[in-house]
Amino acid sequence: MKKILIVDDVKMNRVMIEEMLEDSYEIEQADGGMAAIMILKARYEEFGCVLLDLVMPGVDGFTVLEVMQKQKWIEKVPVIVISGENSKDTENRSLDLGASDFIRKPFDESTVRRRVRNIVDLYDYRRKMDMKVEKQEEALHDQYELLLKQSKRIQQNNEKIIEILGTVVEYRDLESGEHIQRVKGFTEILANEAMKEYPEYGLTPEQIRQIVAASSLHDVGKITIPDSILLKPGKLTKEEFDYMKSHTTRGSELLQQISGAWDDAFGDVCYDICRHHHEKYDGRGYPDGLKGEEIPLSAQIVSIADAYDALVSERVYKSAYTPQEAFHMIISGECGVFSPKLLECFRNTRKKFEALAAKQSEEEPDD
Amino acid sequence: MTVKECYAQMGADYEEVLGRLGSEALVKRFTLKFLNDRSFSELEQGMQDGDAENAFRGAHTLKGVCSNLGFKALYEVSAALTEKLRGREIAGSEDLYAQVKASYQKHIEAIQQLAQEA
């Protein structure tokens, strides 16, 4: 049975209302505003409705309403004001303070019963609906979480496939696919440093994740270079070298053809890296001779990572430099001009680069 | 003595209260409870002590209770007294108080008869 709290300083009034309602509800009484607040504070959720007298000595009915509103009890427990004053002002003030309805003195038994029943039922219904909505929200939230998980998995699969694609290409001209892994690692170190040191780049963790994943594809265009050039041990002729350089344009064209496989933003990052990772900051790189910040940031980052890895690795046409040598060659501009800001990041993270290079060479024993 | 006769003796409006409360039994139960109502004692105490605040409050409560019970005659005089005391000034309210007291005693006598026969 629902509980009703009757708040009135006059016992006769409390008793009369109690007699009118006791068949249908469990009744509690409070002989003043303070007593009512104490009861509600302890266990307002037990009550289906409060019947509240306005004019009481000490804490009056308006104050009780104010407290109930402030504490948000009134959202759960409706208040019917018992009013002896038949003025509109009193009525409006009570309604402003959140009262649901009015019962005027002298009491009319059937009016009291019906008003109370209406309000109690209405709030009861609302409570049930709230609970239902809450449950549905929970279910929606669970589904959202599941979708998020699935979308993350798809993303991871995508990146894995991209990595495999890059690795397949690498296998043609290198003894292993480790180059891809190292370039990813160097790219990540540089990009994180750039995000930290240069907020003007506006890099986000999500963008970095994309750049790192897309770096696997920087040399995908090499798939189109014939073995006679790609695997030639000696020095390339000018024509051969020009053909070799076309791996950037051929790679980016290849990516354009399959760009429907991933979302646009990621496709753009892949394209930029693939086409522009041999551009130089002074405009003397290829294929487009872009200069300075015309070169997409993603390609600028990957180009340092790629150059550094090429230096510390053994290639068919050269032996490996030490990390110290490689560091100085990049900084001094021996391998072409890079962005001063990114070189600053490179300097700051020298230790991390060297640790990663050392770790990788351990895994690659010389034969 | 029926409740109706009791109301007639007090100068109260039985038809009105029956319309509001629905049954004779309920009217009777509430009427009998009036014997225990303390609002007149509060008014009396306030008048004796010269405490206008208590006197006003007692009169105001008595007015409300009479309105609920349909005690028309006592309601009218206590309402008049309430207005007189609203300014929290006892002087000048003595006549009205005497009328309230007389009417109150008449009500109590009638209700006591009703109680004895119940």
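Residues numbered from 1 in each chain as written. Chains lettered and ligands numbered in written order. Predicted model: local features only at pLDDT ≥ 70, side-chain atom pairs only at ≥ 80, totals over all residues.

1. Structural notes on the overall build of chain A
Stated formally: Secondary structure elements are defined from DSSP: runs of H or I of at least 4 residues count as helices, runs of E of at least 2 residues count as strands, and each element is numbered from the N terminus. Note on contacts: each residue gets a C-beta atom placed from the backbone, and two residues are in contact if those atoms are within 7 Å.
A tally of helices and strands in chain A yields 15 helices and 5 strands. Intrachain contacts of chain A at a sequence separation of at least 6 include 65% that bridge at least 24 residues.

2. Some remarks on the overall build of chain B
Spelled out, the test is: To sort residues by burial, count the other C-beta atoms lying within 10 Å of each one's C-beta; a count of 20 or more means buried, 12 or fewer means exposed, and anything in between means partly exposed. C-beta atoms are built from the backbone.
Across its full length, chain B holds 7 helices and 0 strands. Each helix and strand of chain B, placed in order from N terminus to C terminus, yields the pattern α-α-α-α-α-α-α. With 118 residues in all, chain B has 42% of them scored as buried.

3. Describing the interface of chain B and chain A
How large an interface is tends to be reported as the accessible area lost when its parts come together. Rules: Under the grouping applied here, Gly and all other residues not named as nonpolar or charged are polar, the nonpolar ones being Ala, Val, Leu, Ile, Met, Phe, Trp, Tyr, Cys and Pro and the charged ones Asp, Glu, Lys and Arg.
Contacts between the two partners involve 15 residues from chain B, matched on the other side by 14 residues from chain A. Of all the secondary-structure elements, those providing two or more residues to the side of chain B that touches chain A are helix H2 (14-21), helix H3 (24-33) and helix H5 (52-69) of chain B. No other element matches H5(B), which puts 6 residues into the side of chain B that touches chain A. Residues of the side of chain B that touches chain A, tallied by class, amount to 4 nonpolar, 6 polar and 5 charged.

4. A closer look at the pairing of strand S3 (residues 47-53) of chain A
All names here are of chain A. Short version of the rule: One bridge is not enough; two strands pair if DSSP finds at least two bridges between them. Call a crossover right-handed when, viewed with both strands pointing away from you, the route from the first strand across the helix to the second goes clockwise.
With 7 of 7 residues buried, S3 is to be regarded as a mostly interior element. By the bridge criterion, 5 bridges tie strand S1 (residues 3-7) to S3 in an arrangement that is parallel. Looking across to S3, one finds that Val7 is bridged to Leu52. Relative to strand S4 (residues 79-83), S3 runs parallel, the two being bridged by 4 bridges. Opposite Leu51, over in S4, you have Ile80 as the bridge partner. At this point the chain moves from S3, through helix H3 (residues 61-70), to the parallel S4, and the crossover so formed is right-handed.

5. Brief notes about helix H14 (residues 340-348) of chain A
Cut-off, in case you're wondering: Of all possible arcs, the one meant is that of the directions from the helix axis to the C-beta atoms.
Listed in full, the buried residues belonging to H14(A) are A:Leu342, A:Cys345 and A:Phe346. The arc that holds the buried residues of H14(A), viewed along the axis, is 100 degrees, so those residues lie on one side.

6. Some remarks on helix H4 (residues 39-49) of chain B
Residues that lie three or four places apart on an α-helix share one face, since the helix turns once every 3.6 residues. All names here are of chain B. Buried within H4 are the following residues: Ser39, Phe40, Glu42, Leu43, Gly46 and Met47. Each buried residue of H4 sits inside an arc of 160 degrees when the element is viewed along its axis, so together they form one side. Turned more than 90 degrees from where H4 packs its buried face, Ser41, Gln48 and Asp49 sit exposed.

7. A word on the packing of helix H1 (residues 3-10) of chain B against helix H7 (residues 94-117) of chain B
Residue and element names in this part refer to chain B. Operational definition: Lines fitted to the C-alpha atoms define the axes, with helices restricted to the stretch that makes contact. Angles between their N-to-C directions range from 0 to 180 degrees. For this classification, under 35 degrees means roughly parallel, over 145 means roughly antiparallel, 65 to 115 means roughly perpendicular, and everything else is oblique. Crossing chirality is assigned from the near helix's rotation relative to the far helix, an anticlockwise turn below a right angle marking it left-handed and a clockwise turn marking it right-handed.
Axis separation between H1 and H7 bottoms out at 9 Å; the angle between their running directions is 165 degrees. Classified by the interaxial angle, the pair formed by H1 and H7 is roughly antiparallel. The element H1 and its partner H7 pack so that their crossing is right-handed. Facing Val3, Cys6, Gln9 and Met10 of H1, the residues of H7 in contact are Lys106, His107, Ala110, Ile111 and Leu114. When grouped by side-chain class, the residues that make up the contact of H1 with H7 number 6 nonpolar, 2 polar and 1 charged.

8. Considering the confidence of the model for chain B
Here is the rule we go by: Values of pLDDT, ranging from 0 to 100, describe the predictor's confidence in every residue of the model.
This prediction gives chain B a mean pLDDT of 93; 99% of its residues lie at or above 70. Confidence metrics for the complex model read pTM 0.58 and ipTM 0.87.

9. Some details on unusual backbone geometry
Residue A:Pro106 follows A:Lys105 across a cis peptide bond; omega there is 0 degrees. Note the cis peptide between A:Tyr286 and A:Pro287, where omega equals 10 degrees. Even without a glycine there, the phi angle at A:Lys72 is positive, about 65 degrees. A positive phi angle, near 55 degrees, is found at B:Arg88, a position not held by glycine. Structurally, the position occupied by B:Arg88 is in the loop between helix H6 (72-85) and H7. Taking the number of C-beta atoms within 10 Å as the measure of exposure, B:Arg88 has 10 and is therefore exposed.

10. A few points about the pairing of S4(A)
Residue and element names in this part refer to chain A. The element S4 is largely enclosed, with a buried count of 5 among its 5 residues. The pairing of S4 with strand S5 (residues 101-104) spans 4 bridges and is classified as parallel. Along S5, the bridge assignment pairs Ser83 with Arg104.

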